[in-house]
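The lines below spell out each chain.
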Amino acid sequence: AMKSKLFGEAKVREFLEVRSLPELVELLEETEYRTAFVESSTNFSGMDLFTHALQAHWVATLQKVVRITPQNGRRLLAVFLREYEIQNLAALFASKETGVALPDTDLVFLNPKAREFFGALSQKDSVAAIVYALRPTEYYTTLASTQVAFDQTRDFRVFIRGLYAYHFKGLLDFAEKE
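Computed from a prediction, not measured in an experiment: that's the story for all the values here. (Residues numbered from 1 in each chain as written. Predicted model: local features only at pLDDT ≥ 70, side-chain atom pairs only at ≥ 80, totals over all residues. Heavy atoms only, no water.)

Considering the nonpolar core
Worth spelling out the cut-off: The definition of a nonpolar core used throughout is a set of buried Ala, Val, Leu, Ile, Met, Phe, Trp, Tyr and Cys residues joined through side-chain atoms within 4.5 Å. Buried residues are those whose accessible area, probed at 1.4 Å on protein chains only, stays under 20% of the maximum for their type, while exposed residues exceed 50% and partly exposed ones sit between those limits. Starting at the N terminus, helices and strands are each numbered in turn, a helix being any DSSP run of H or I of at least four residues and a strand any DSSP run of E of at least two.
Core analysis: the largest hydrophobic core is formed by 22 residues, its most contacted members being Phe 93, Phe 118 and Leu 143. Within the residue set of this core, elements represented by two or more residues are helix 5 (74–98), helix 6 (112–122), helix 7 (127–133), helix 8 (140–153) and helix 9 (157–177). Considering every element that reaches this core, the biggest residue donor is helix 5, with 5 residues. By size, the runner-up hydrophobic cluster in this structure holds 13 residues, among which are Phe 15, Val 25, Leu 27 and Ala 53.

Okay, here's the thing in structure tokens:
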């Protein structure tokens with residue numbers, strides 16, 4: 001069913017002939033992206049509208065995939081979708097370390113619990129507080145193992161590298177088991 005939503009040759013040609021961002025947005029509003037663009041246009045314009053609408057559409061697509069995935073495929077999907085949680089954590093770490101506010105619209109929430117969870121983490125006042133709050137999660141062991149490097153360098157990116165290493169190891173481990 002999702003294959004039928006792919007752009008045909010004529011639509012792709014229209015996209016290739018676009019000369020401005022507003023013209024591109026107008027074309028996308030004639031497709032299944034319409035809802036995402038309309039909803040995003042209440043808060044964004046220009047390139048921000050474009051990026052947030054595409055992200056909103058992508059998240060809606062992922063949520064649909066989660067809903068329709070059969071039980072026997074959910075473990076693989078969970079391993080794959082872990083990357084979005086890690087992206088959220090990386091954005092939160094960067095926000096806390098730089099002091100730049102991180103709007104919810106810059107995070108990816110695949111379910112209401114994720115929104116609640118990352119909302120609570122965003123209220124923490126430091127990277128260390130976020131790491132501490134992650135104690136009950138699968139990520140804490142990895143974060144604890146990189147804590148020494150963080151303490152020595154004060155570079156929050158060691159946590160991010162550790163989380164991505166954990167994620168890629170999880171993907172490889174899953175592939176070897178299947």
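Having seen it, we continue.
Brief notes about unusual backbone geometry
Located in the positive-phi region is Arg 154, a residue other than glycine, with phi close to 60 degrees. One can find Arg 154 in the loop between helix 8 and helix 9.

Considering the packing of helix 1 (residues 9–16) against helix 2 (residues 21–28)
Heads up, the condition is: Lines fitted to C-alpha atoms define the axes, with helix axes restricted to the stretch in contact, and inter-axis angles between N-to-C directions lie between 0 and 180 degrees. Oblique is the label for any angle not under 35 degrees, not over 145, and not in the 65 to 115 range, which are roughly parallel, roughly antiparallel and roughly perpendicular in turn. Two helices crossing with the near one rotated counterclockwise from the far one by less than a right angle form a left-handed crossing, whereas a clockwise rotation gives a right-handed crossing. Contacts are assigned to residue pairs that have any heavy atoms within 4.5 Å of one another. Three classes are used: nonpolar for Ala, Val, Leu, Ile, Met, Phe, Trp, Tyr, Cys and Pro, charged for Asp, Glu, Lys and Arg, and polar for all others, with Gly counted as polar.
Running from N to C, helix 1 and helix 2 point in directions that differ by 160 degrees, and their axes come no closer than 10 Å. What the angle tells us is that helix 1 and helix 2 run roughly antiparallel. Our pair here, helix 1 against helix 2, has a crossing hand that is left-handed. The segment helix 1 lies against helix 2, with Lys 11, Glu 14 and Phe 15 engaging Leu 24, Leu 27 and Leu 28. Along the lines of polarity and charge, the residues of the contact of helix 1 with helix 2 split into 4 nonpolar, no polar and 2 charged.

What to know about the pattern of salt bridges
Stated precisely, the cut-off is as follows: Any carboxyl oxygen of Asp or Glu within 4 Å of a side-chain nitrogen of Lys or Arg constitutes a salt bridge here.
The tally for this structure, following the rule as stated, stands at 8 salt bridges. For Glu 9, the salt bridge goes to Arg 13, with nearest N and O atoms at 2.4 Å. Here Glu 9 pairs with Arg 13, and both are found in helix 1, just 4 residues apart, close to one helical turn. In this structure, Glu 14 and Lys 11 form a salt bridge, with 3.9 Å as the shortest nitrogen-oxygen distance.

Details of the environment of Ile 160
Mapped onto the secondary structure, Ile 160 falls in helix 9. The spatial distance from the C-alpha of Ile 160 to the C-alpha of Leu 62 is 23 Å, given a sequence separation of 98 residues.

Focus on the packing of aromatic side chains
How we decide: For this analysis, a ring pair means two rings from Phe, Tyr or Trp (six-membered ring only for Trp) whose centres lie within 6.5 Å, classed as stacked if their planes differ by under 30 degrees, edge-to-face if by over 60, and tilted for the remaining angles. Whether a charge sits over a ring depends on NZ of Lys or CZ of Arg being within 6 Å of the ring centre and within 35 degrees of the ring normal.
Taken as a whole, this structure holds 9 aromatic pairs when the rule is applied. Seen from their ring centres, Phe 150 and Phe 159 are 4.8 Å apart, and the 35 degrees between their planes marks the pair as tilted. The same class applies to Phe 150 as to Phe 159, namely buried. In textbook terms, an aromatic cluster arises when at least three aromatic residues are bridged by ring pairs, as seen for Phe 7, Phe 15 and Tyr 33. Over the ring of Tyr 132 we find Arg 135; its NZ or CZ atom is 3.7 Å from the centre of that ring.

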